[in-house]
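Observations on chain architecture
Chain by chain, the residues:
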Amino acid sequence: MTWEAQWQVVIGLETHAQLKTQSKIFSGASIAFGAKPNRQACAVDLALPGVLPVFNREAAVCAIKFGLAIGATIAPRSIFARKNYFYPDLPKGYQISQFELPVVTGGGLLIRVGAGDTAIEKFVNLTRAHLEEDAGKSLHEDFQGKTGIDLNRAGTPLLEIVSEPEMCSSTEAVAYAKALHGLVTWIGICDGNMQEGSFRCDANVSVRRPGAPLGTRREIKNLNSFRFMQQAIDYEIQWQINEIEEGRKIQQATVLFDPDSGETRSMRSKEDAHDYRYFPDPDLLPLEITPAWIAQVKAELPELPQAMQQRLQSEFGLSAYDASALTAQRGLADFFQKAVAMTGATQAKLVANWLQGEISARLNREERDIADAPVTPEQLAGVIARIADSTISNNIAKKVFEALWSGEGQSADEIIEQQGLKQITDTGAIEALVDEVLAANQKSVEEFRAGKEKAFNALVGQAMKATKGKANPQQVTDLLKKKLGA
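Now for a quick tour of the structure.

Basis of the calculations
- Residues numbered from 1 in each chain as written.
- Predicted model: local features only at pLDDT ≥ 70, side-chain atom pairs only at ≥ 80, totals over all residues.
- Heavy atoms only, no water.
- Salt bridge = Lys/Arg side-chain N within 4 Å of Asp/Glu carboxyl O.
- Helix = DSSP H or I, 4+ residues; strand = E, 2+ residues; numbered from the N terminus.
- Buried < 20%, exposed > 50% of the residue type's maximum accessible area, 1.4 Å probe, protein only.
- Phe/Tyr/Trp six-rings, centres within 6.5 Å; stacked < 30°, edge-to-face > 60°.
- Lys NZ or Arg CZ within 6 Å of the ring centre and 35° of its normal.
- Expected span 1.5 Å × (residues − 1).
- Axes fitted to C-alpha atoms, helices over the stretch in contact; angles between N-to-C directions.
- Parallel < 35°, antiparallel > 145°, perpendicular 65-115°, else oblique.
- Left-handed = near helix turned anticlockwise from the far one by under 90°.
- Contact = heavy atoms within 4.5 Å.
- Nonpolar A, V, L, I, M, F, W, Y, C, P; charged D, E, K, R; others polar.
- Core = buried A, V, L, I, M, F, W, Y, C linked by side-chain atoms within 4.5 Å.
- Pairing = 2+ DSSP bridges.
- Right-handed = clockwise from strand over helix to strand, strands pointing away.

Here we come to the pattern of salt bridges. Applying the stated criterion to the full structure yields 22 salt bridges. Here Lys122 ties to Glu172 by a salt bridge, and the two come within 2.7 Å at their closest N and O atoms. One end of the pair, Lys122, is in strand 8 (residues 120-133); the other, Glu172, is in helix 2 (residues 170-186), and 50 residues separate them in sequence. Since its relative accessible area comes to 12%, Glu172 is described here as buried. Of the charged contacts, one joins Arg153 and Asp134 as a salt bridge, the two residues approaching to 2.8 Å between their closest N and O atoms. Here the residue Arg153 occupies a position in the loop between strand 10 (148-150) and strand 11 (157-163), and Asp134 occupies one in the loop between strand 8 and strand 9 (137-139), the gap between them amounting to 19 residues. Note on accessibility: Arg153 and Asp134 belong to one class, buried. Here the residues in one salt-bridge network are Arg362, Glu366, Arg368 and Glu402, joined through shared partners.

Given below as structure tokens:
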């Protein structure tokens, strides 16, 4: 019996999305990534005596966009609080955040768990999303046993998004994180760069026997890769089960995941809210959001992924799976729509297949984003147009695509002409070729007539080989069947 039958897993995620503003949440300092240490920390970020924070209005716009996108309640009045704790990279000795009155409450996210048409949809409710500033960063490498402090990130605007503890596997947690990542980048409030720390997740994991009260949770901090998230949660689940089965109690704690060992390790005992001694920040006025402001922001929102999925299905006849895959990223959806605008709606399925097949495979292999794809929507549309009018076959199309991917802005037509890749469709020429293949492969002919279907495929292969793949495959197949009486 597997542990899944004896245990229930409960997972909730807290996600820090760095907001796409030009400056920090309470100061005018830049948030651009890559500056030398402590070059982007101004007097406000360093909490020097006499300075006062001034709220960045664009951070509120980002929060409103997110609240609208998830169907949440946007508070007409929210307040900032001081979250008090000591850490070397927290120069104030407190972090400005929101506690009792967050800017966004409720709402949720529809996720797809699994692959293909067998994927299961699940709605994950959100508890809240609140605005806060980031802390600095402790650096432990290259300091000869000492720790360096870089305060460039101090004051960077964050939206902390808290889910309800409704996920019950690492697969569900990753599906939720990917959907959330896709949404915040889609509406343009976060660049989603996980390597640079723009999108970081903390996973709260607990286990219990079926029907028992919730177990004690442990929080896995700063997961900045979907693969590491799955590995960390799976390890933590098994670790907690082993501890309980061996008679030990789970202690609430904050843990880190070590990708090298594949294990989580305790960092510190987990604090509760009262340990932070929250109180309203006396230097900041309440954030007031009017219905008119919400309406203005709503008018600026793009078509949301779920609405686009439904439109792609009704407008182009795509499956739910295809529509979901194409709307996983804003860039992918934009690429699809641009290509279809040039090929026509009748080729939408073929465009979708190429995007999810050849293009996605190359992007994944080269670790590129769709925005960096060497092939443009115009070039892909050119390939598909030549498939549609039988100028090239699907196999030749892959050669054209390969040349486009490694080329310098050529069109599909130019490559087809330069490399002589036009498909042979002349019936007389193909018939003569088929006669030659039958005459030269009598053994395969006899095997086919004896009932061996593979022999027919061998004959088709010989015909295509003789023309270097340029003969129309369907014409070759039809003529062979006719001559063999199949």
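That was the structure; now back to the text.
The full count for this structure, using the stated rule, is ten aromatic pairs. Judged by centre distance (6.2 Å) and plane angle (50 degrees), the rings of Phe26 and Phe55 are tilted. Of the two residues, Phe26 is situated in the loop between strand 1 (8-18) and helix 1 (57-69) and Phe55 in the loop between strand 1 and helix 1; the sequence distance between them amounts to 29 residues. Both rings, one in Trp354 and one in Phe401, keep their centres 5.6 Å apart while their planes meet at 55 degrees; by these two values the pair is tilted. Placement of the pair is Trp354 in helix 8 (residues 348-365) and Phe401 in helix 10 (residues 394-406), with a sequence separation of 47 residues. For Phe401, a relative accessible area of 1% gives the class buried. Of note, Lys83 hangs over the ring of Tyr276, and the distance from its end group to the ring centre comes to 4.5 Å. One residue, Arg218, lies across the ring of Trp239, its end atom 3.9 Å from the ring centre.

Taking 1.5 Å of rise per residue, the 14 residues of helix 14 (residues 453-466) would be expected to cover 20 Å, and the 21 Å separating its terminal C-alpha atoms lies within 8% of that figure. For helix 14, the set of buried residues is Ala455, Phe456, Leu459, Val460, Ala463 and Met464.

Attention shifts here to the packing of helix 5 (residues 305-316) against helix 7 (residues 330-343). Remark: helix 5 packs on helix 7, axes separated minimally by 13 Å, with the N-to-C direction vectors making an angle of 25 degrees. Relative to helix 7, the element helix 5 lies roughly parallel. Crossing of helix 5 over helix 7 shows left-handed handedness. Counted together, Met308, Arg311, Leu312 and Phe316 of helix 5 and Ala333, Phe336, Gln337 and Val340 of helix 7 form the full contact between these two elements. A per-class count over the contact of helix 5 with helix 7 returns six nonpolar, one polar and one charged.

A word on the nonpolar core. Formed by 108 residues in total, the largest nonpolar core has its most connected members in Phe66, Leu131, Ile161, Tyr176, Phe336 and Val400. With nine residues, helix 2 is the single largest residue contributor to this core. Among residues more than four places away in sequence, those in contact with Val400 are Val383, Ile392, Ala412, Ile415, Ile416 and Leu421. Core analysis: the second largest hydrophobic core is formed by 17 residues, Val434, Val445, Val460 and Leu479 among them.

Taken in spatial order, the three strands line up as 5-4-16 in an open sheet, and their pairing is antiparallel. Two strands bound the open sheet, and with one partner strand each, they are strand 5 (94-97) and strand 16 (279-280). Pairing analysis gives two bridges linking strand 4 (residues 81-84) to strand 16, with the strands arranged antiparallel. Bridge assignment links Arg82 to a residue of strand 16, and that residue is Phe279.

Time to look at helix 1. Compared with the 18 Å implied by 1.5 Å per residue over 13 residues, the 19 Å span of helix 1 between its first and last C-alpha is a close match. Of all 13 residues in helix 1, ten are buried; the element is thus mostly enclosed. Burial in helix 1 covers these residues: Ala59, Ala60, Val61, Cys62, Ala63, Ile64, Lys65, Phe66, Gly67 and Ala69. A positive backbone phi angle near 70 degrees is found at Gly71, which sits one or two residues after helix 1.

Glancing now at the packing of helix 8 against helix 9 (residues 377-388). Across the interface, helix 8 lies against helix 9 with an axial gap of 11 Å and an inter-helix angle of 120 degrees. In terms of orientation, helix 8 lies oblique with respect to helix 9. Handedness of the crossing formed by helix 8 with helix 9: right-handed. Taken together, the residues of helix 9 that come into contact with helix 8 (itself represented by Leu350, Val351, Trp354 and Ile359) are Leu380, Val383, Ile384 and Ile387. Its residues assigned to classes, the contact of helix 8 with helix 9 shows eight nonpolar, no polar and no charged.

Pairing of strand 7 (residues 108-113) with strand 8 involves six bridges; the strand directions are antiparallel. Residue pairing for strand 8: Gly108 is matched across the bridge by Asn125. Linking two consecutive strands that pair antiparallel, namely strand 7 and strand 8, is a turn of six residues; a positive phi of about 105 degrees is found at Gly114 within it.

Here we come to the pairing of strand 13 (residues 218-223). A regular strand places its side chains so that they alternate between the two faces of the sheet. Of all six residues in strand 13, five are buried, a share of seventy percent or more. Taken together, the four bridges between strand 12 (residues 199-208) and strand 13 define a ladder with antiparallel strand orientation. Counterpart to Val205 in the pairing with strand 13 is Arg218. By the bridge criterion, three bridges tie strand 13 to strand 14 (residues 253-258) in an arrangement that is parallel. Residue pairing in the sheet places Glu219 in a bridge with Thr254 of strand 14. This β-α-β element, strand 13 to helix 3 (residues 226-245) to strand 14, shows left-handed connectivity.

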